[in-house]
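Chain by chain, the residues run as shown.
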Amino acid sequence: MERIQRVPEWAQLRERELCVTHVNTLDPGASPLDYYGFELRRYREEAGLTQKKLGDIVYCTGSLVGQIETARKLPTLPFSERADIALGTGGLLSRLHEL
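Residues numbered from 1 in each chain as written. Predicted model: local features only at pLDDT ≥ 70, side-chain atom pairs only at ≥ 80, totals over all residues. Heavy atoms only, no water.

**Q** Run through the nonpolar core, naming residues and quoting values.
**A** Counting residues in hydrophobic clusters, the biggest one holds 15 residues, and the most contacted among them are Y36, L40, L54, F79, L87 and L93. Listing elements by their share of this core, those giving two or more residues are helix 2 (32–46), helix 3 (51–58), helix 4 (62–69), helix 5 (77–87) and helix 6 (92–97). The contacts of L87, once residues within four sequence positions are left out, are L40, Y43, R44, A47, L49, L54 and L93. (Core = buried A, V, L, I, M, F, W, Y, C linked by side-chain atoms within 4.5 Å. Buried < 20%, exposed > 50% of the residue type's maximum accessible area, 1.4 Å probe, protein only. Helix = DSSP H or I, 4+ residues; strand = E, 2+ residues; numbered from the N terminus. Contact = heavy atoms within 4.5 Å.)

**Q** Just give me the short version of helix 2, but keep the residues and values in it.
**A** Over its 15 residues, helix 2 extends 21 Å from the first C-alpha to the last, a length consistent with the 21 Å expected when each residue adds 1.5 Å. By the burial criterion, the buried members of helix 2 are D34, Y36, G37, E39, L40, R41, Y43 and R44. Looking at the buried positions of helix 2, the neighbouring elements they touch are helix 3, helix 4, helix 5 and helix 6. In the segment just after helix 2, G48 is the residue with positive phi, at about 75 degrees. (Expected span 1.5 Å × (residues − 1).)

**Q** Give a description of the packing of aromatic side chains that names residues and reports values.
**A** Summed over the entire model, instances satisfying the criterion amount to zero aromatic pairs. Over the ring of Y43 we find R42, and its NZ or CZ is 4.6 Å from the ring centre. (Phe/Tyr/Trp six-rings, centres within 6.5 Å; stacked < 30°, edge-to-face > 60°. Lys NZ or Arg CZ within 6 Å of the ring centre and 35° of its normal.)

**Q** I'd love a proper account of the side chain of R44, names of residues and values included.
**A** Within the fold, R44 resides in helix 2. Take R44: its relative accessible area is 8%, and that puts it in the buried class. Apart from the residues lying within four places of it in its own chain, the contact partners of R44 are L49, T50, Q51, L54, V65, E69 and L87.

**Q** So what about the packing of helix 3 against helix 5? Which residues, and what values?
**A** In the contact formed by helix 3 and helix 5, the axes pass within 9 Å of each other and the chain directions differ by 110 degrees. On the basis of their axis angle, the class for helix 3 and helix 5 is roughly perpendicular. When the axes of helix 3 and helix 5 are compared, the crossing they make is right-handed. Contact with helix 3, carried on its side by L54, I57 and V58, involves F79, R82, A83, A86 and L87 of helix 5 and no other residues of that element. Along the lines of polarity and charge, the residues of the contact of helix 3 with helix 5 split into seven nonpolar, no polar and one charged. (Axes fitted to C-alpha atoms, helices over the stretch in contact; angles between N-to-C directions. Parallel < 35°, antiparallel > 145°, perpendicular 65-115°, else oblique. Left-handed = near helix turned anticlockwise from the far one by under 90°. Nonpolar A, V, L, I, M, F, W, Y, C, P; charged D, E, K, R; others polar.)

These values are about where atoms sit, not about what they do.
In structure tokens, the structure reads:
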């Protein structure tokens, strides 16, 4: 007879915690950099892309995409141009980069 091992409830809760993604609330009025990050996230989410997937498309890490979205890193012009193309923004991010 096969014995079934039950996973303790605390372990199940811990596993679920690890799968939850923390989403920072962005204030687009705080600064031009915050507005850039807000728009980047909005377009990325509308495209149905994760940060990692967008990073793969524009040749950077998903972590960098997240840091730009939360205004912790400055976007470069080449990043902005590649993101504009990938997300179909009509050049918005490149124009915002100039601010």
